[in-house]
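Take a look at the letters that make up each chain.
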Amino acid sequence: MLNDVIAGVTLALTSIPQAVAYAEVSGVAGWRGLATMGFPCVAFAAATGSPWASIGVTSITAMLARDALAAAHAALPEDDYVLVMAAFATIVGLASTALALCGAGGVAVRRIPGPVKAGFKLGFGCAVVSSQCATALFRGGKARLREAAGDDAAWAGPSRRCRRA
């Protein structure tokens, strides 16, 4: 029992910065991530009873949601945008559940060639490591690295460069 408590506290403490960061990536204040991090975990644990479950939003889903709802994010105050984001997340969750119940995930994964899956995993790992390099190597993180490099346009990404032109 003591090991379970230690594991739970450790997971909770490591989830706090993740919840704040992903909320901000999705376009809302960080405290909203904290306010929503507990219920899904408790609901999933109660529904499945699985001791191996680790669920939560990822940076990819946060970025995709923000991109899909960019017009709403730009036009609405945060409280209204949160309602739109909640409706969007509910619809995506219901659609994902329906697809899972139909077995669509297994069909899709089986059709992906092994080398593609391996390449995706390697690419994802490289992306995670490289995204942390600036923070790990430069005091002040990416802002300091940009300043040292001196070329702000290079950090804007292709979509921003196209918009500026």
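Structure: above.
Residues numbered from 1 in each chain as written. Predicted model: local features only at pLDDT ≥ 70, side-chain atom pairs only at ≥ 80, totals over all residues. Heavy atoms only, no water.

So, the nonpolar core
With seven residues, the main nonpolar core is built from Ala23, Val28, Ala65, Leu69, Ala72, Tyr81 and Met85. Those residues in contact with methionine 85, other than ones at most four positions away along the chain, are Ser26, Ala65 and Leu69. (Core = buried A, V, L, I, M, F, W, Y, C linked by side-chain atoms within 4.5 Å. Buried < 20%, exposed > 50% of the residue type's maximum accessible area, 1.4 Å probe, protein only. Contact = heavy atoms within 4.5 Å.)

Focus on the packing of helix 1 (residues 2-25) against helix 4 (residues 59-68)
When two helices pack together, you describe them by how their axes are tilted relative to each other and by the distance separating the axes. Packing of helix 1 against helix 4 brings their axes to within 8 Å, and their N-to-C directions diverge by 25 degrees. Accordingly, the angle class assigned to the pair helix 1 and helix 4 is roughly parallel. The two elements helix 1 and helix 4 cross, and the hand of that crossing is right-handed. The residues of helix 4 that touch helix 1, namely those facing Tyr22, Glu24 and Val25, are Ser59, Ala62, Met63 and Arg66. Of the residues belonging to the contact of helix 1 with helix 4, the class tally is four nonpolar, one polar and two charged. (Axes fitted to C-alpha atoms, helices over the stretch in contact; angles between N-to-C directions. Helix = DSSP H or I, 4+ residues; strand = E, 2+ residues; numbered from the N terminus. Parallel < 35°, antiparallel > 145°, perpendicular 65-115°, else oblique. Left-handed = near helix turned anticlockwise from the far one by under 90°. Nonpolar A, V, L, I, M, F, W, Y, C, P; charged D, E, K, R; others polar.)

Points about the side chain of arginine 32
One can find arginine 32 in helix 2 (residues 30-36). By relative accessible area, arginine 32 is classed as buried at 16%. In terms of polar contacts, arginine 32 uses its side chain to reach the side chain of glutamate 78, at 2.6 Å. Residues in contact with arginine 32, not counting those within four places in the same chain, are Glu78, Asp79 and Val82. (Polar contact = N/O pair within 3.5 Å; in protein donor to acceptor, adjacent residues only side chain to side chain.)

Remarks on the environment of serine 15
By the secondary structure assignment, serine 15 is in helix 1. Sequence separation of serine 15 and glycine 38 is 23 residues, and the distance between their C-alpha atoms is 9.9 Å.

A look at the pattern of salt bridges
Using the criterion set out here, one finds two salt bridges in the structure. Between glutamate 78 and arginine 32 there is a salt bridge; the shortest N-O distance is 2.6 Å. Taken as a pair, glutamate 78 in helix 6 (residues 78-101) and arginine 32 in helix 2 lie far apart in primary sequence, 46 residues in all. For glutamate 78, a relative accessible area of 30% corresponds to the partly exposed category. When the shortest N-O distance is used, the salt bridge between arginine 32 and aspartate 79 registers 2.5 Å. In this pair, arginine 32 is assigned in helix 2 and aspartate 79 in helix 6, connecting sequence segments 47 residues apart. Residues joined by salt bridges that share partners form a network here, namely Arg32, Glu78 and Asp79. (Salt bridge = Lys/Arg side-chain N within 4 Å of Asp/Glu carboxyl O.)

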